[in-house]
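Notes for the structure review
Listed here are the chains, written in short residue letters.
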Amino acid sequence: MNERQGKLSKSAELPIEPADHSRIIIDISMDGFCRVGLDGKLLEVNRALCDITGYSREELLRMNGADLDAVKTMEEVSEIMDKIVKQGYDRLESKHRRKDGTIIDVEVSIQYCNSGDDEFFFAFIRDITHLKRSMDKVRKSEEVYRNLCNNIPGMVYRGLPGWLADIKSNSEEICGYSPEELNSNKVNWLDIIHPDDRERVGLEALQMNEKPCAMVQEYRIIAKDQSVRWVEDHKASTFTDGGVFDGVDGVVFDVTSRKKDEENLRSSIYAMDNCGGGLAILNMDGIIQYVNGAFAQMHGYTTDEMLGDHMSNYHLPEHIEEVRAAIDQVVTTGYFEGELWHARRDGGAFPGYMTSTLVEDDLGNATGIIGTLQDITERKMVEDELKASEARFHILSDVAVEGIVIHEDENILDINKRYTEMFGYNVDELRAVGIVGTVIPEYRERLANNIASGYEGVYEVIALRKDGTTFPVEVQVKQLQLNGRTIRVGSIRDISVRKQLETERAIYKEDLLQAQRHAYLGCMGAIVAHELNQPLTKLNILLDRAVEELENSGVCTKALVNVKDGLSEAKNAKAIIQQFRRYSRDSVLRGYSKVNVGVIAERIVGVLSERAKEANIHISMDGLDDLPEIDANTKALEQVFLNLIQNAIQAIDDRGVHRLDITGKYADGYIELCFADDCRGIASENLDKIFDPFFSTKTEDGGMGLGLDIVQQILMSFGGQIGVKSKLGTGTTFHVTLPVNDFTESLG
């Protein structure tokens, strides 16, 4: 032992000659290697190829490459070789026949070489039989799993940015809320997630905004009846062609009756070099002397970055002891083979299959360690997915909210727990009653005919419980072939609640039609009121200014009286119009054209400039000149700017000079406007009232309100929105969005 350690110590400083690299690589490679002449004759093979094919080295060197192929003729092999000579390289899958006659699946990487004096091919052969069989098992298992899932509907949804939802079906069964409640954002899905799970679910979901991916999340929700339910959320994110996050498609299942953790699967694919994996050479101190591109890429580095670094830096701290044990085994026995976890640059980790060999010089002195690495993440995922898929297949029927029955003809083969609960029978009693006996007599002939004909559609029948009570059900059936037998899988859903909702919906529809008739009358009045309100507002401002100028001039007393009388009448007219608009606030303004937002902003700021100066508030504008034109009503858009700017002017306090900054930008098809002031602000208890008609924070002058209901109505008619953030004593910011795309008026 001392003698061997002495050799290791003496050889630690001896470099590995580059000329020996190829020989060492070929000899320890986990993949089969061969050098082939242009005539197809095998010129050189490694130990791994002998293990894969079952032939000895001497036997292989007497063979032609085509002798190993189990499916291709000599002519087809020759065509492939000619193709590789032209393009230089190819990678393909084939089937090889081992010496014992067994057929294996292989992946072959072939490189054409022309050294000037000689022409030949070298190839690496990998046995992928086990991987293909595993993938076939997964596909078959998933096919059975999907067939079963088609009969177990969950809540199908389309998730939009900001946790907005477009619910397609079955939300009442999952959370108690109707699709209308969830789609209108009256209830946000994020809000009904249990507080203890909300942060975790949100953080996990953020990954889906970065790249297309699929995810399964298990968490609790608080249903409409305040019950706590467990759900399993299967979702996949989608992106536009431009790489912008577009939303999430998913299905939510109620899994309250069971609680089972399931590891989220992630896929990652890494390019492999021609040698079939990563390769690294270390000196006896563990310093990296050489790595190939595949090895560096697995860890997220370049080859230059890894050279000269210690190998321990590419393993997680919790795995260092395992790494040391592997190195000790290499030094002691000269060889190690097994799994080790490796660390990536981004902080992640991956399982790798390592083979490490002690390198010695001609005198037997150890000079370093050479190792190959294969990322086995995919294999682990396949194995885990196969296990998980089989487990899901066995438990899904028992966790379904629908009753599930599997039968052949009318003979019940299997039923889930929910089915027995629906009808009040036990399994043996249901087998005695039979499928047809679970519906009222009026539907039995129809059910029997559907079974006999193999009908697979969805239909409704009236079910009959053991206690004699009845209830409506929806039946959905799939017909499957299993071992030559025709099996029918039926999903039975209690639709009593849905039937009740349909009746209520019909009554509501009639009420809605009556409300629409009244809304139409109000809409017509709003058009007239809005057209008069805008010029009256300007007239009030101009008459105010005229009174001030006449009073300051000290002349033309009669003119001053007349102007004041006119101002009084204009204010009375404006008040009448405002009161009239109370009954017609849902109307939509007509007369749309291309409008320049910057021009309108300058016009309104100019009209209010004197009033702003007197109020000691500075108005600035930025980014408005670069905004694209939009389809809008000019006078209506002027009303938006007028109301928002006047509200800021009227919100000043005694803290000195104030600011109102109006900014604009264009993004994703929308103009975004921001009206930010540092004035009095709005009390938190009033924030949810400011868009109510005629609501006002001012009582001393009997004003008609902030006018924000008008602003909101106008923006909504353009397809836009308005939001507000405010803090009392700090200021208020209004955010306005307007679509740039062509707008089609909703009124004819």
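Provided above is the structure to which this section pertains.
Residues numbered from 1 in each chain as written. Predicted model: local features only at pLDDT ≥ 70, side-chain atom pairs only at ≥ 80, totals over all residues. Heavy atoms only, no water.

Moving on, we come to the overall build of the chain. Looking only at helices and strands, one finds 23 helices and 27 strands in the chain. Evaluated residue by residue, the chain yields a buried proportion of 44% over its 748 residues. For the chain, the proportion of contacts with a sequence separation of at least 24, taken over those separated by at least 6, is 55%. A total of about 39700 Å² of accessible surface is found on the chain, and carbon and sulfur atoms cover 52% of it. (Helix = DSSP H or I, 4+ residues; strand = E, 2+ residues; numbered from the N terminus. Buried < 20%, exposed > 50% of the residue type's maximum accessible area, 1.4 Å probe, protein only. Contact = heavy atoms within 4.5 Å. Areas by Shrake-Rupley, 256 points an atom, 1.4 Å probe, with all protein chains shown as cover.)

Right, let's get into the sheet that holds strand 4 (residues 103–114). Pairing in this open sheet of 5 strands is antiparallel, and the strands run 2-1-5-4-3 from one edge to the other. The open sheet has two edge strands, strand 2 (42–45) and strand 3 (89–97), and neither has a second partner. Here the average twist between neighbouring strands, direction ignored, is 30°. Examined bridge by bridge, strand 4 and strand 5 (residues 119–127) share 9 bridges and lie antiparallel to one another. Counterpart to C113 in the pairing with strand 5 is F120. Along the sheet face, helix 5 (residues 74–87) touches strand 1 (32–37), strand 3, strand 4 and strand 5 and points at about 160° away from the line of strand 3. (Pairing = 2+ DSSP bridges. Axes fitted to C-alpha atoms, helices over the stretch in contact; angles between N-to-C directions.)

Ranked by internal contacts, the top residues of the largest apolar core, which has 48 residues, are L637, F641, I645, I662, L673 and F675. Residue contributions to this core peak at 9 residues, all from helix 22 (residues 634–650). For F675, the residues in contact, after removing those within four places along its chain, are F641, L644, L660, D661, I662, T732, T733, F734 and V736. Counting residues in each nonpolar core, the second largest holds 24 residues, with L60, A66, I84 and F121 among its members. (Core = buried A, V, L, I, M, F, W, Y, C linked by side-chain atoms within 4.5 Å.)

With that out of the way, let us pick up the sheet that holds strand 11 (residues 278–282). Either a parallel or an antiparallel arrangement is found when strands of a sheet pair, and the pairing is made through backbone hydrogen bonds. Taken together, 5 strands build an open sheet; the order of strands is 12-11-15-14-13 and the sheet is antiparallel. Looking along the sheet, the strands with just one partner apiece sit at the ends: strand 12 (288–291) and strand 13 (335–343). Within this sheet the neighbouring strands show an average axis-to-axis angle of 25°, counted without direction. One ladder, built from 9 bridges, connects strand 14 (residues 349–360) with strand 15 (residues 366–375); its direction is antiparallel. The partner of M354 across the bridge, within strand 15, is L373.

Time to look at the packing of helix 20 (residues 597–607) against helix 22. Interaxial distance between helix 20 and helix 22 falls to 9 Å at its minimum, and their mutual angle equals 50°. Here helix 20 lies oblique to helix 22, going by the angle between them. As helix 20 packs across helix 22, the resulting crossing turns out to be right-handed. On helix 22, the residues touching V597, I600, A601, R603, I604 and V605 of helix 20 are T634, L637, E638, F641, L642 and I645. (Parallel < 35°, antiparallel > 145°, perpendicular 65-115°, else oblique. Left-handed = near helix turned anticlockwise from the far one by under 90°.)

Inspection of every chain in the model, using the stated rule, returns 10 aromatic pairs. An angle of 70° between the planes, with centres 5.7 Å apart, marks the rings of F239 and F245 as edge-to-face. The exposure class assigned to F239 is buried, which follows from its relative accessible area of 19%. Clustering of aromatic rings is evident, with ring pairs tying together F33, F122 and F124. (Phe/Tyr/Trp six-rings, centres within 6.5 Å; stacked < 30°, edge-to-face > 60°.)

Turning our eyes to something else, we now look at the pairing of strand 13. As judged from the 9 bridges shared by strand 13 and strand 14, these two strands associate in the antiparallel manner. Within strand 14, the residue paired with G338 across the bridge is M354. Between the end of strand 13 and the start of strand 14, which pair antiparallel, lie 5 residues, with G347 showing a positive phi angle near 95°.

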